[in-house]
Amino acid sequence: MQIKLRYFASLREYIGRSEQIIEADSGVTIRELWALANPDLMFPSNTLVAMNLEYVALAEVVHEGDEIAFFPPVTGG
Amino acid sequence: MLIKIAEQPFDPLRELQDYQDRNAGMSGKYGATSIFIGTMRDFNDGDVVSGMLLEYYPGMTEKCIAEAVGEAQERWSILECLVVHRVGEVYPNQPIVLVSVWTGHRGDAFDACRFIMETLKSTAPFWKKEIIDSNNVEGGEKGSFEPMRGERWVTGNSNGYARNNNG
């Protein structure tokens, strides 16, 4: 299945891309997706994760067509 | 309820007046209007800041703000609510955010406005990339991100992002 990953702000700049499509087996978690997409980069501890525009935990299982976003802590206002 | 993401500078008082005029139905029903306007400073942690780039996550940002307003509507008696938030290039003295709440009584207005603003700040995906005046900061770097409150991300620095040894 194909999953869309997005990166924002300093994380996007550091990784060097804003989005990517990744091929993964069904039943994969977001933590496993990160490792597939970024094998040389440990998951930064302060990074937030959203699935289909909702905050989720790394243990969440992804499904075909999901959009997963990774980003640093937010600072609005 | 109206939530707006503004890519250009906006006039918060005009936004307020326009919204109030368009919602004539609440005329005579509200006894209190609370207004919070966040404005960009020209300093942060002792550095002179000449501007910033406000990034957001289209779709999720509006959703988070709407959820904050929805939660406030459950907790307080709110007649109307307006939130406007800037994105893009912002310069000192320009408004960044407007939160306004119309209610029957002042307690609800004060509390709901504060709640929406604080919830927005901690949940809505916005990120600020500050442009630091390099003449006014030791080792000044332009274009640094601020991934955490009080902590500045600097271009070219690993910033705590750790490489795997097996990479």
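Residues numbered from 1 in each chain as written. Chains lettered and ligands numbered in written order. Predicted model: local features only at pLDDT ≥ 70, side-chain atom pairs only at ≥ 80, totals over all residues. Heavy atoms only, no water.

Asker: Just to check I follow, could you spell out the sheet that holds strand β2 (residues 32-39) of chain B for this structure?
Answerer: Through backbone hydrogen bonds, the strands of a sheet pair up, either in parallel or in antiparallel fashion. All names here are of chain B. Strand order in the open sheet formed by four strands is β1-β5-β7-β2, and the pairing between neighbours is mixed. Strand pairing shows two members of the sheet lacking a second neighbour, β1 (2-6) and β2, which therefore form its edges. If you compare each strand with its neighbour and ignore which way they point, the axes differ by 5 degrees on average. Here strand β5 (residues 78-86) runs beside strand β7 (residues 95-103); their pairing, made up of seven bridges, is antiparallel. Across the sheet, residue His-85 finds its bridge partner in β7, namely Val-97. Packed on one face of the sheet, helix α1 (residues 12-22) meets β1, β2, β5 and β7 and runs near 30 degrees to β7. (Pairing = 2+ DSSP bridges. Helix = DSSP H or I, 4+ residues; strand = E, 2+ residues; numbered from the N terminus. Axes fitted to C-alpha atoms, helices over the stretch in contact; angles between N-to-C directions. Contact = heavy atoms within 4.5 Å.)

Asker: What's the story with a nonpolar patch on the surface in this structure? I'm lost.
Answerer: Residue and element names in this part refer to chain B. A cluster of nonpolar residues, Leu-13, Ile-35 and Ile-37, forms a patch on the protein surface that exposes about 270 Å² of accessible area. Examined against the element boundaries, Ile-35 turns out to sit in strand β2. In this structure Ile-35 comes out as partly exposed when scored by relative accessible area, which is 46%. (Patch = residues over 30% accessible without salt bridge, like charges linked within 9 Å, V, L, I, M, F, W, Y side chains within 5 Å. Areas by Shrake-Rupley, 256 points an atom, 1.4 Å probe, with all protein chains shown as cover. Salt bridge = Lys/Arg side-chain N within 4 Å of Asp/Glu carboxyl O. Buried < 20%, exposed > 50% of the residue type's maximum accessible area, 1.4 Å probe, protein only.)

Asker: Hey, could you run me through the sheet that holds strand β2 (residues 19-23) of chain A in this one?
Answerer: One open sheet accounts for five strands, arranged β2-β1-β5-β3-β4 (chain A); its pairing is mixed. Whereas interior strands pair on both sides, the edge strands pair on one side only; in this sheet they are β2 and β4 (54-55) of chain A.

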